Amino acid sequence: MKQITEYCTGCRACEQLCGKKAIRLIADKEGFLTATIDENCCVDCGLCRKRCPQNRNDLFYGAPLSTLAVRLKDEQTLYRSASGGAFAGLAAWVIRHGGVVFGVKYDEEMRAVHSSAVTLDELDSLLSSKYVQSDTENTFSEVRRFLKEERMVLYSGTGCQIGALRSFLGKDYDNLILVDLICHGVSSPLLFKRYLEFLHQRHGGKVTEYDFRDKRGGWGLGYKYKYKYKYGSATADPYYTYFLKGHTYRECCYNCHYAHTERAGDITIADYWGIEKYHSDFYSIKGVSLMLLNSVVGMNFWKRVEGDFEYKDSKLEYAVAGNHNLKHPTERKDEIRNHIYDGIDSMDVKEYFATRFPLHLSLMQRVKNMLPAQIKLWLKKLKKSVSYTHLRAHETLM
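Basis of the calculations
- Residues numbered from 1 in each chain as written.
- Predicted model: local features only at pLDDT ≥ 70, side-chain atom pairs only at ≥ 80, totals over all residues.
- Heavy atoms only, no water.
- Salt bridge = Lys/Arg side-chain N within 4 Å of Asp/Glu carboxyl O.
- Buried < 20%, exposed > 50% of the residue type's maximum accessible area, 1.4 Å probe, protein only.
- Pairing = 2+ DSSP bridges.
- Helix = DSSP H or I, 4+ residues; strand = E, 2+ residues; numbered from the N terminus.
- Axes fitted to C-alpha atoms, helices over the stretch in contact; angles between N-to-C directions.
- Contact = heavy atoms within 4.5 Å.
- Parallel < 35°, antiparallel > 145°, perpendicular 65-115°, else oblique.
- Left-handed = near helix turned anticlockwise from the far one by under 90°.
- Nonpolar A, V, L, I, M, F, W, Y, C, P; charged D, E, K, R; others polar.
- Core = buried A, V, L, I, M, F, W, Y, C linked by side-chain atoms within 4.5 Å.
- Phe/Tyr/Trp six-rings, centres within 6.5 Å; stacked < 30°, edge-to-face > 60°.
- Lys NZ or Arg CZ within 6 Å of the ring centre and 35° of its normal.

Engineer: Just give me the short version of the pattern of salt bridges, but keep the residues and values in it.
Structural biologist: Between side chains of opposite charge, pairing is possible as soon as their charged atoms come close. A full pass over the atoms with the stated rule returns 19 salt bridges. Salt-bridge contacts for Arg 111 lead to Asp 107; the nearest nitrogen and oxygen are separated by 2.6 Å. Given a relative accessible area of 32%, Arg 111 falls into the partly exposed group. One network of salt bridges, in which partners are shared, links Arg 12, Glu 15, Asp 107, Arg 111, Asp 135 and Glu 137.

Engineer: Outline the sheet that holds strand 13 (residues 309–313), listing residues and values.
Structural biologist: The strand order across the open sheet formed by eight strands is 5-4-6-7-11-12-3-13, and the pairing between neighbours is mixed. With one partner strand each, in any of the chains shown, strand 5 (112–117) and strand 13 form the two edges of the open sheet. On average, each strand axis in the sheet is inclined to that of its neighbour by 30 degrees, with strand direction left out of account. One ladder, built from three bridges, connects strand 4 (residues 100–106) with strand 6 (residues 153–158); its direction is parallel. Bridge pairing in strand 6 links Val 100 to Val 153. Contacting strand 3 (66–72), strand 4, strand 5, strand 6, strand 7 (176–181), strand 11 (267–271), strand 12 (289–293) and strand 13, helix 4 (residues 86–96) runs over the sheet at an angle of about 135 degrees to strand 4.

Engineer: Give a detailed account of the packing of helix 8 (residues 189–203) against helix 14 (residues 349–356), specifying residues and quantitative values.
Structural biologist: Relative to each other, helix 8 and helix 14 sit at 110 degrees, their axes nearing to 9 Å. One element, helix 8, and the other, helix 14, form an angle in the roughly perpendicular class. The crossing of helix 8 and helix 14 is left-handed. Contacts from Leu 191, Arg 194, Tyr 195, Glu 197, Phe 198 and Gln 201 of helix 8 reach helix 14 at Val 349, Lys 350, Tyr 352 and Phe 353. Of the residues assigned to the contact of helix 8 with helix 14, the class counts are six nonpolar, one polar and three charged.

Engineer: Lay out the nonpolar core in plain terms, naming residues and giving numbers.
Structural biologist: In terms of nonpolar packing, the biggest core is built from 33 residues, with Phe 192, Tyr 195 and Tyr 210 touching the most fellow members. Elements with a contribution of two residues or more to this core: strand 4, helix 8, helix 9 (238–244) and helix 14. For this core, the leading source of residues is helix 8, giving seven residues. In this view, Tyr 195 contacts Tyr 210, Asp 237, Tyr 239 and Phe 353; residues no more than four positions away in its chain are not counted.

Engineer: Tell me about the packing of aromatic side chains, and name the residues and values.
Structural biologist: With the rule as written, the count across this model stands at 32 aromatic pairs. Seen from their ring centres, Tyr 210 and Phe 212 are 4.6 Å apart, and the 50 degrees between their planes marks the pair as tilted. Both residues of the pair, Tyr 210 and Phe 212, belong to the buried class. In this structure, Lys 130 is placed above the aromatic ring of Tyr 106, and the distance from its NZ or CZ to the ring centre is 5.9 Å. Just above the ring of Phe 146 sits the side chain of Arg 145; from NZ or CZ to the centre is 4.6 Å.

Engineer: Account for helix 4, with residues named and values stated.
Structural biologist: For helix 4, the tally of buried residues reaches 10 of 11 residues, placing the bulk of the element in the interior. Every buried residue of helix 4 is listed here: Ala 86, Phe 87, Ala 88, Gly 89, Leu 90, Ala 91, Ala 92, Trp 93, Val 94 and Ile 95. Of the residues trailing helix 4, Gly 98 is marked for its positive phi of about 85 degrees.

Engineer: Let's hear about unusual backbone geometry: which residues, and what values?
Structural biologist: A positive phi angle is found at Asp 44, which is not glycine, with a value near 60 degrees. Non-glycine residue Ser 128 carries a positive phi angle of around 70 degrees. Of note, Ser 128 is situated in the loop between helix 5 (120–123) and helix 6 (139–148).

Engineer: Can you break down the environment of Arg 24 residue by residue, with the values?
Structural biologist: With respect to the secondary-structure elements, Arg 24 resides in strand 1 (residues 23–27). Taking the C-alpha atoms as reference, Arg 24 lies 5.3 Å from Thr 36; in sequence the two are 12 residues apart. When neighbours within four sequence positions are excluded, Arg 24 is seen to be in contact with Glu 15, Thr 34, Ala 35 and Thr 36.

Engineer: I'd like a rundown of the pairing of strand 5, residues and numbers included.
Structural biologist: Two faces, one strand: in a regular strand the side chains alternate between the faces of the sheet. Most of strand 5 sits inside the fold, with five of its six residues counted as buried. One ladder, built from six bridges, connects strand 4 with strand 5; its direction is antiparallel. By the bridge assignment for strand 5, Phe 102 is matched with Ser 116. Counted along the chain from strand 4 to the antiparallel partner strand 5, the turn is five residues long, and its residue Met 110 has a positive phi close to 65 degrees.

Right under this line is the structure:
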């Protein structure tokens, strides 16, 4: 066997399923992990093809059973979360009740890797978004071991990672809660590594922390990294800007099987973008999460944890309006994506980002990027106050 699927996601399900150890995940020229088969070891049993989630269309639930806007009551944890603290609240409940949580953290080399947490201190490193593809490593096998020990397990990841875990396990478990994210796409680990090298050269200090969703300027797309703490807006950062525009994603992301409202996870979470249009009274600069309850397991789990959240019933159509990846995959812009990774491992890092990631900022964007985080936070509060007053006046006139 030469190939398992046309659009490998690098999930590692096949690697952990293969009894002959004939499959390894090796980084391709863009830095994405890809399944590679050792034909000398392969016995052509077909298990990898059969269980590859990219070759299946039976890993989805139907339409969501419920659509919610949620915000964690614990404000300290909410502040450290990307949006409304949905993952943090669900995960903390599982840990407090003796369970195990899997999510993504940065390791010592600033690689995004899936890891387990059994204490609230360990959970802290799994909070907030990492906009780079994570390595699931051996976590699928670890999940299976915990499930056999009858431990409660919560596993969070992108839709393809959750579909892969379901396919790897081969059956559903009452003590397993799968949480998928509404994902735009994933950038290469090699690209993120080169970007950190770029920051190192720019500032003369090694980056030891990175937070794509820092909230000092309120809920939004502010980032922070540490060599000395620096806060900025996504539009001022080459890596972040091109990520948000969808120019750096893995090829399979542009043909994503999971970009629709039928989800692989028991629960789906995301930012509730646009909530001020539909539930202005629930909007908060502290963040609001969208939550879709997709299965009976997800519904039952929510009933156990809902006391930790403020929440409001919403509509799926509102959720889709603010999250286009619930309708379709991100569009591939060929003129940029065809060349964005050219020279990633051969060009000088400053030359590479200057050539492949030019920023063309408007005067308004330049001014906004110069504002301190505290001023941005004040402006967001003012904008919310003005918008809310305008909406109430409009409703009174009607």
